[in-house]
Amino acid sequence: HSPRGTATCEMLRSLDEWSGAPSREASIHTAYLQAIEDADHYIYIENQNFVSANAGGGVQNQIVNELIRRIKRAIRKAEKFRVIIVLPCQPDGRLEDEVHIRGLMHWQYMTVSRGGNSILEILARDHPDVNLSDYIVFCSLRTHEFMESRGWVTEQVYVHSKLMIVDDRVVIVGSNNINDRSFMGDRDSELAIIVRDDTAKVHITMNGKPFVANKFAHEMRIHLMREHLGLLREDAYRPQYVLKHPASMRRSAG
């Protein structure tokens, strides 16, 4: 038999009466909001979509509003705090030909950087003297290769994962995108799991200070960042290049 692990796992759902629940459940949304509020050092998100209530148009989920509150708290207290969000460059398909892709891009831009009420515009307006990249960054992934017939070519790595890691202590991973279809419980049925581990610990540095992380969350983040930086191969791995403490990610990257 395999040894029993030490992690505590809780199942989360987006579900309604039509899909089998006695009443509507939106516990994935609730868990995301609570984890964001409780974050002390960093929030790392990978998701296929990123549409939230600040975009307007009747969108209800409060993910971005909670991120704004947490970042503003960090700015007010002069805390070192990072939000790292990894998204696809664009939805899968041809932007020029498919109306639904252009529609999704519109709502994501309204959430992130356009329309007057996006997360970056709100933070810039309320904190004009702050370098926002010290607190929040949006990233996409690309791959590249040399082809004899074409020279160097590049294309996006399509991010399809749906996860959030907070402070190397909490992981939420599942089927949910960051949008109302996945979060509000009255449309798509979704399943996620929140993982904590109060037994298996790792002693690391966070923001230049000793920190006790949960082994599962810490190793998952390190693996993802090594993967994204092309450091999974053992011959490419150098400990000094790994983002070991993401609250200070720019210094530790280089």
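Description of the structure in this document. (Residues numbered from 1 in each chain as written. Predicted model: local features only at pLDDT ≥ 70, side-chain atom pairs only at ≥ 80, totals over all residues. Heavy atoms only, no water.)

The next subject is the pattern of salt bridges. A complete count under the given rule lists eight salt bridges for this structure. The closest approach of N and O atoms between R69 and E66, which form a salt bridge, is 2.9 Å. Of the two residues, R69 and E66 are both situated in helix α2 (residues 63-76); the distance of three residues between them amounts to about one turn of the helix. You can call E66 buried: its relative accessible area is 11%. A salt bridge links K72 to D126; its shortest N-O distance comes to 2.5 Å. Within this pair, whereas K72 is found in helix α2, its partner D126 is found in helix α4 (residues 119-126), the two being separated by 54 residues in sequence. (Salt bridge = Lys/Arg side-chain N within 4 Å of Asp/Glu carboxyl O. Helix = DSSP H or I, 4+ residues; strand = E, 2+ residues; numbered from the N terminus. Buried < 20%, exposed > 50% of the residue type's maximum accessible area, 1.4 Å probe, protein only.)

Looking now at helix α1 (residues 27-38). Look at α1: 16 Å from first C-alpha to last across twelve residues, which is about the 16 Å you get at 1.5 Å a residue. Along α1, the residues that are buried comprise S27, I28, H29, A31, Y32, L33, A35 and I36. (Expected span 1.5 Å × (residues − 1).)

For the pair α2 and α4, the least separation of the axes is 10 Å and the interaxial angle reads 30°. Accordingly, the angle class assigned to the pair α2 and α4 is roughly parallel. When you trace α2 past α4, the crossing you get is right-handed. On the side of α2, the interface is formed by V64, L67, I68, I71 and K72, while α4 contributes I119, I122, L123 and D126. Looking at the contact of α2 with α4 residue by residue, the class counts come to seven nonpolar, no polar and two charged. (Axes fitted to C-alpha atoms, helices over the stretch in contact; angles between N-to-C directions. Parallel < 35°, antiparallel > 145°, perpendicular 65-115°, else oblique. Left-handed = near helix turned anticlockwise from the far one by under 90°. Contact = heavy atoms within 4.5 Å. Nonpolar A, V, L, I, M, F, W, Y, C, P; charged D, E, K, R; others polar.)

For the structure on display, the rule yields three aromatic pairs. Between Y32 and F183, the aromatic rings sit 5.2 Å apart at their centres with planes inclined by 70°, giving edge-to-face as the arrangement. In this pair, Y32 is assigned in helix α1 and F183 in helix α5 (residues 180-183), connecting sequence segments 151 residues apart. Accessibility assignment for this pair places Y32 and F183 in one class, buried. Seen from their ring centres, F146 and W152 are 5.4 Å apart, and the 70° between their planes marks the pair as edge-to-face. (Phe/Tyr/Trp six-rings, centres within 6.5 Å; stacked < 30°, edge-to-face > 60°.)

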